[in-house]
Structure formats: C-alpha cells, structure tokens
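# What the coordinates show
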Amino acid sequence: MISAEPVSARLIEGLKRLEYRGYDSAGIATLEAGRIQRRRAPGKIAALEKLHKRKPLAGQTGIGHTRWATHGGPTKANAHPHATKNVAIVHNGIIENHRALREELAACGAHFESETDSEVIAHLITAELEADPVPARAFAAAIARLEGAFAIVAMIAEAPGLLLVARQGSPLAIALKGDEAFVGSDAIALEGLADQIIYLEDGDVGLVEPGHAQILDRDGALVSRSEQPLFCQGSVSKAGHAHYMLKEILEQPATTERTIAQYIDDKGNKIQMPDLDGVDIGADRAIIIGCGTAHYAGRIGEYWLEGIAGIAVETDIASEFHYRKAPNPTGGFGIFVSQSGETADTLAALKHAQGQGLKSLAIVNVPESTIWRTADARLPTQAGPEIGVASTKAFTAQLCALACLTVAAARKRKRLSSQEETRLVTALKEMPARLSEAISASSDLDAIAEDLATTRSVLFLGRGPYYPLALEAALKFKEITYIHAEAYAAGELKHGPIALIDKDMRIVVIAPHDQLFEKTLSNMQEVAARGGRIILISDAAGCAAAKDVAHHSIALPACDPFTAPIVYAAPAQMLAYLTACSLGVDVDQPRNLAKSVTVE
Ligand code: F6R
C-alpha cells in the first residue's frame, strides 16, 4: 500500500479481510525514514494487531501478509514480510528452486533467518540491486530466476513510494485511487479502498507508484491490463451469528434460490444457459474436476448428468487428473468446479485440459477469479462471499449450477420432454423451501452432536448420489471436529469396513426412502447386528422403516428425488457444526487449513 498517510492500520485491516486465506502467522513492514521496519507475530491477526498497538509502525509505504505455512512452521521467524537490510517482500506460492538459490546466495554471504522458501526472494533482489541499482530492472532480473508459483510484492528501502509486483500462477491485483496505490492477492482485500481493479496476468512484472502502475508482460513488453470495476462481494460480517459457518448454512435457501434463478427463463419453466462460448453441453462425454468439497459436488453432478442427460462422465480430483495422463474425452467437455476460483490444483488441471484441446466450463463462485477468467465459459454460483473455511453454501450453490446444467444438457441431447423439464424445474424452484425446512428439521441435533463429540471415529454411508454426499459430510465433519471420519458407499461396507463396527462406532447413514432404501436398510441391519450406533438422515417414511435399527433419526421433509441431495446436505453440515461447537473448536478457522489453496 502507498499513501500520503501512514499505512499500517489499513494494512492490518486488509489482512483481516484476507485472514480466511491463512492464519498461521502474520506481519507487516513499512518504510520509516528510509529503513525497513517490521512487526510479525505467530498466530492470528489479532496477535499482530496487539503487537502493533504496543509498538506501532509509521511509514507511508508498506506491505503485509497472513500466512498458511508450507515451508517451515508458523513461527515469527517464518512469518512474512521477509527482509534484508534494503528489501522486504511478501510472497504467496512456492519457489520450487529455493534450495539452489539459497545455497548460491548463502555462498555469497547472505544470512538467512527463516526456513521458508520465500526468504530467497528478498536476498535475490538485494543481490540483483548490487549489480544494477535501478529497482525495476533488479526486480525483473530476480523474478526471472524464480521457478514455481508466486505472487510477490517487494519494497525497497531507498525507494519510498514504490512497490514492485510479480505474478506467476498465484493471483495478484492492483487498485489505484487518487495518489494512493494498493496491491492485493484477492479483490476482497481491496474492497472499500478503490473502485477499480487491475488483475495481473501470469508472467507480468509491475511497478506501482502513487496513482500509477506500469506493467510488463513475460517478454518485457509494456502492456496495458484493463481496469475493471472492483466487484464488491458484500459485507464480510457474521450478521449476529456465532460463526460465519452457521450464518452461511442458514443463508442457503437464499443462495440456492439466487443461483437457480439466474438459469431459469422468464416464463419460469425452462432452464436457459448463458453463452457457453463453444462448449458443447450436448456432447456424449464430460469430465468434472475439482478439489475437496467442489470435487464432491462434481461427483453428485456425475449421477445427474449420467442418469438424466445420458452423458458419460468421469470425475477426478484436480491434483490427480493433472498428472495421470488421462486421454481427453474426444468431442467432450470439461467442467471445473471451484468456490474461490483460485485453487492451484484446479487451475493447473484446467490449463492442462485446455492444452489438450478440451473446451471447458467453470462453475465458480468468485467472479473474475483466475479460473473464472481462464475457462472458455462459466456458470456462476451466487453463494456470495464464503468466509467460513469449511465450505457450505458454495457446495449447495455448485450443486444447483450442476443440476441446471444437467437439465439444459438433457434437453439439448433430446433426453427430456417438455413436461419432464417442467417437473425438474419445478423441483429446483421448490428446493430452497425444502432446504429451509431441512435446516430446522430436527430439534435432536444438539443431543446427537453431543454424543458424536464423545467418539473417536464416525463412518458416513450413502448410496447413489448420497454416497458422494456422505463423502462431503465426512469431510465437513473431520475438518472442523478433528474427529476421524470417513465415508463409504453403503454397499461397499461388507467388503472390508464392516470390520470397524463395534459399539463405540457411530454410523451416519444418509438415505431418503427411494428405490435404493431397502438395500441401505439391509446394510443398516448389518451394522446394528454388530452393535454400531446408527444416526439416520432420511424422510418420514425412511425413519419409520428403520425405527428398529437407528439410534437417532433426523426426518427431513419429503422432496423431489432430483433435488433431494441438495436438501440432505444441510443436516450433515449442521451435525459437523454443532459437534465442533460442543468440542469448542474454532469452527471458522480450523487448524492447519486455508480457505483458498493457491499452492499445488
Ligand atoms: C472443504 C473445503 C475444501 C475446498 C477445496 C476447493 O470444506 O472448503 O475442500 O472445497 O479446497 O476449494 P475451491 O472450491 O475454492 O476450489
């Protein structure tokens, strides 16, 4: 940040807006009378703020960072900014050749303070400045030697009022207003500071001064990157709730309704897709790629696209898809699912697929994010800013986009009569009301969560689309309760995992009373016969049919089988949330996690 006013307080405010990206340690550096001064603290931004209150920093040029540890633990020494006497830097990403650079720089006398890969950047720029004192040239020469992924902002002691920036694979944006200049790794950090934003492209190196930026592309040519309105994602507040996660679970009737509404035509009975820029959703084959929760949304979408649209779908985790050399589905299309639109694995997989000529569609929540801009076409979700680290409303919004896509693809492939389409659209339109009922379905949830909090391991089971939903439920549960949880397809239980069942094991079964219910009921009986305690999430008919085997039942409203997986997500989220609360875990910022994972 560059201003005519002291910047430290606003730097800390910006870091707070970015805290969901990482919260192991944080720091700021400013230039005070030509000297780099730093304040860094392990832990959350509150710790940095406390330190800064005791020992404030002056200075009108400054940088700040909140870290998610990759190389080296969350200590003060490893916290950014990293600095030499004359250069301070903040870095997102991973410098893959840091060991070689470190050895080379150390051999020339550089003294390293941290275990991070990032610190080499500061030393490298210092070394280049010795060879060429012009900051922009020295910076560009240093950047040219880096391998890996990075978004870097550097500040030079002798050059107040100047920030040097570089982007390769990790997001970075510049905002200019009056005689101030701001740089952020996320538009959300810049909200309220400026109205326009400039996204850097991979390979860009830039020089930022008050009210002015100059950007060179990877060939060193001066380029103009367009200014775009800074899309305000809305206020980042808990709106009176104890946690962002709870607020976001409760928002789902509205966020799913908004997401669906953008794909329904004016008459309200047909799905209409935006311009898909040559992505042929009538193709026979598709792949769906994502990570974590987004991957599980894709796996539920697989059941829909196969069952309703007759498209042969393959789903994979982005980090595996990228490297397993799978042949692209000839004539097919790719669907890449991401809340943040910045997940490095998903982005790398998208570029890999595009490199092989696959036309790709992104289902993304954050407009103008890198995946949003890289894909050939996009289906936005309308979840709004998701701040809780555990994804909830983004997941159900992704399901809505996939459901709408399914209807459009089925129509294009002549798999759907007009009447059937109307039924599916009606189910979609009614779903938010069912979701609302499902959120408040059971008054027993607190008691069930208290019981779950006493266990060491929980198994989640489901069949059909409720199998990937069980995978998602287990992920949600383990990431915020720290209790081991895993999910199996109910039919797979007898092939091994049944050995785990004893009287201490809790088994959450997600199974509406559909055509597969009787089979799942048999699996429940196998569990009950071995003393396992079952928590059943079903509808009234399912709960009644399983009353002799389930210890607890959560009865959801009857809903259309098409949209039921979206509705059934809510109690699974609530169970994870309430169990974590009863254990006193920091629900919104569980240990070791970051909201947006911009390293591979
Ligand atoms: C889990 C969770 C993660 C993300 C994953 C992908 O609750 O949030 O598993 O789903 O890191 O992130 P996006 O969707 O931003 O690509």
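Residues numbered from 1 in each chain as written. Predicted model: local features only at pLDDT ≥ 70, side-chain atom pairs only at ≥ 80, totals over all residues. Heavy atoms only, no water.

### Some remarks on the overall build of the protein chain
When helices and strands are counted, the protein chain shows 19 helices and 24 strands. For 600 residues, the compact-globule formula gives about 25 Å, and the C-alpha radius of gyration of the protein chain, at 25 Å, lands near that figure. Dimensions of the protein chain, computed from the C-alpha atoms along their principal axes, are close to 75 × 50 × 45 Å. Every one of the 600 residues in the protein chain was classed for burial, and the buried ones make up 60%. Nonlocal contacts in the protein chain, meaning residues at least 24 apart in sequence, comprise 72% of its contacts between residues at least 6 apart. Each charge sign in the protein chain was given a centre, from 59 positive and 72 negative side chains, and these centres are 2 Å apart. (Helix = DSSP H or I, 4+ residues; strand = E, 2+ residues; numbered from the N terminus. Rg over C-alpha atoms; globule rule 2.2 N^0.38 Å. Buried < 20%, exposed > 50% of the residue type's maximum accessible area, 1.4 Å probe, protein only. Contact = heavy atoms within 4.5 Å. Lys, Arg positive; Asp, Glu negative; His and termini not counted. Charge placed at Lys NZ, Arg CZ, Asp CG, Glu CD.)

### With respect to the site of the ligand
Inspection of the region around the ligand gives 14 residues, with S338, Q339, S340, T343 and E479 positioned closest. Within the side chain of S338, a nitrogen or oxygen atom sits 2.6 Å from an oxygen atom of the ligand. For the ligand, an oxygen atom lies 2.4 Å from a polar atom in the side chain of E479. Relative to its free-state accessible area of 400 Å², the ligand is covered by the protein chains to the extent of 89%. When residues of the shell around the ligand are traced back to their parent elements, those giving at least two are α9 (292–307) and α16 (466–481). Per-class residue counts for the shell around the ligand are five nonpolar, seven polar and two charged. (Near = heavy atom within 4 Å. Polar contact = N/O pair within 3.5 Å; in protein donor to acceptor, adjacent residues only side chain to side chain. Areas by Shrake-Rupley, 256 points an atom, 1.4 Å probe, with all protein chains shown as cover. Nonpolar A, V, L, I, M, F, W, Y, C, P; charged D, E, K, R; others polar.)

### What about the pattern of salt bridges?
Once the charged atoms of two side chains with opposite charge are near each other, the side chains can pair. Taken as a whole and assessed by the stated rule, the structure comprises 27 salt bridges. Close ionic contact of R373 with E201 constitutes a salt bridge, the shortest N to O distance being 3.7 Å. Pair noted here: R373 is in helix α12 (residues 370–374) and E201 is in the loop between β10 (196–199) and β11 (205–209), with a separation of 172 residues, a long-range link. Between K503 and D504 there is a salt bridge, and its shortest N-O distance comes to 3.6 Å. The class of K503 is exposed, set by a relative accessible area of 58%. Connected via shared salt-bridge partners are E13, K16 and E49. (Salt bridge = Lys/Arg side-chain N within 4 Å of Asp/Glu carboxyl O.)

### Side note on empty space enclosed by the protein
For the coordinates displayed, the defined rule picks out five cavities of 30 Å³ or more. The calculated volume of the largest cavity comes to roughly 600 Å³. In terms of lining, the largest cavity is formed by 39 residues, of which the most central are G64, H65, T66, N92 and S185. For the lining of the largest cavity, the elements supplying multiple residues, two or more each, are α1 (8–18), β3 (62–67), β5 (87–95), β6 (148–156), β9 (180–184) and α6 (187–190). Partitioning the lining of the largest cavity into residue classes produces 19 nonpolar, 16 polar and four charged. (1 Å grid on protein atoms, 1.4 Å probe; cavity = no way out; pocket = protein on both sides within 12 Å on 5 of 7 lines; lining within 4 Å. Points joined across faces, edges and corners; volume = space filled by probe spheres on them.)

### Things to note about the nonpolar core
Grouped together as the largest cluster of nonpolar side chains are 93 residues, with contacts concentrated most on I271, M273, I335, L361 and F460. Element by element, the count of residues in this core is highest for helix α19 (residues 564–583), at 13 residues. The two domains that each donate at least three residues to this core are domain 2 (238–439) and domain 3 (442–588). The contacts of L361, once residues within four sequence positions are left out, are L276, V279, I281, F333, G334, I335, F336, A375, A377, R378, L379 and L405. F112, I143, I152 and A154 belong to the second largest nonpolar core, which has 27 residues in total. (Core = buried A, V, L, I, M, F, W, Y, C linked by side-chain atoms within 4.5 Å. Domains from an automatic or database assignment.)

### Notes on helix α3 (residues 98–107)
Structurally, the α-helix is built with 3.6 residues per turn, so residues lying three or four positions apart point the same way. Listed in full, the buried residues belonging to α3 are H98, L101 and L105. Taken around the axis of α3, the buried residues stretch over an arc of 65°, which confines them to a single face. Those residues of α3 that are exposed and angled more than 90 degrees off the buried face are R99, A100, E103 and A107. Tucked into the core, α3 has its buried residues touching β5 and α4 (119–131). G109 lies just past α3 and shows a positive phi near 105°. (Arc of directions from axis to C-beta.)

### Brief notes about the packing of helix α13 (residues 393–412) against helix α14 (residues 418–439)
Contact pair α13 / α14: the axes reach a minimum separation of 11 Å and the direction vectors enclose 170°. In terms of axis orientation, α13 runs roughly antiparallel to α14. Here α13 contributes C400, A403, C404, V407 and R411 to the contact with α14, which in turn contributes E421, L424, L428 and M431. Looking at side-chain class alone, the contact of α13 with α14 contains seven nonpolar, no polar and two charged residues. (Axes fitted to C-alpha atoms, helices over the stretch in contact; angles between N-to-C directions. Parallel < 35°, antiparallel > 145°, perpendicular 65-115°, else oblique.)

### Focus on a positive patch on the surface
A cluster of like positive charges, contributed by K50, R54, K55 and K76, occupies part of the molecular surface. Along the chain, R54 turns up in helix α2 (residues 45–54). (Patch = residues over 30% accessible without salt bridge, like charges linked within 9 Å, V, L, I, M, F, W, Y side chains within 5 Å.)

### What to know about the sheet that holds strand β21 (residues 484–489)
Read from one edge to the other, the open sheet built from five strands follows the order β21-β20-β22-β23-β24, with strand pairing classed as parallel. The sheet terminates laterally at β21 and β24 (550–556), the two strands that pair on one side only. Neighbouring strand axes in the sheet, compared pairwise and without regard to direction, differ in orientation by 20° on average. Pairing analysis gives five bridges linking strand β22 (residues 506–510) to strand β23 (residues 533–539), with the strands arranged parallel. Looking across to β23, one finds that I510 is bridged to I537. Running at roughly 175° to β21, α16 makes contact with β20 (457–462), β21 and β22 of the sheet. Strand contacts of α19: β22, β23 and β24, with the helix running at about 145° to β23, the strand carrying the most contacts. (Pairing = 2+ DSSP bridges.)

### Details of the domain arrangement of the protein chain
The domains assigned to the protein chain are domain 1 (8–229), domain 2 (238–439) and domain 3 (442–588). Each of domain 1 and domain 3 has a C-alpha centre, and these two points are 45 Å apart.

### Focus: the environment of V165
Structurally, V165 is set in strand β7 (residues 163–168). By relative accessible area, which is 0% here, V165 ends up buried. Not counting the four nearest positions on each side in its chain, V165 is found in contact with F139, I152, V153, L172, I174, V183, L200, D204, V205, G206 and V208.

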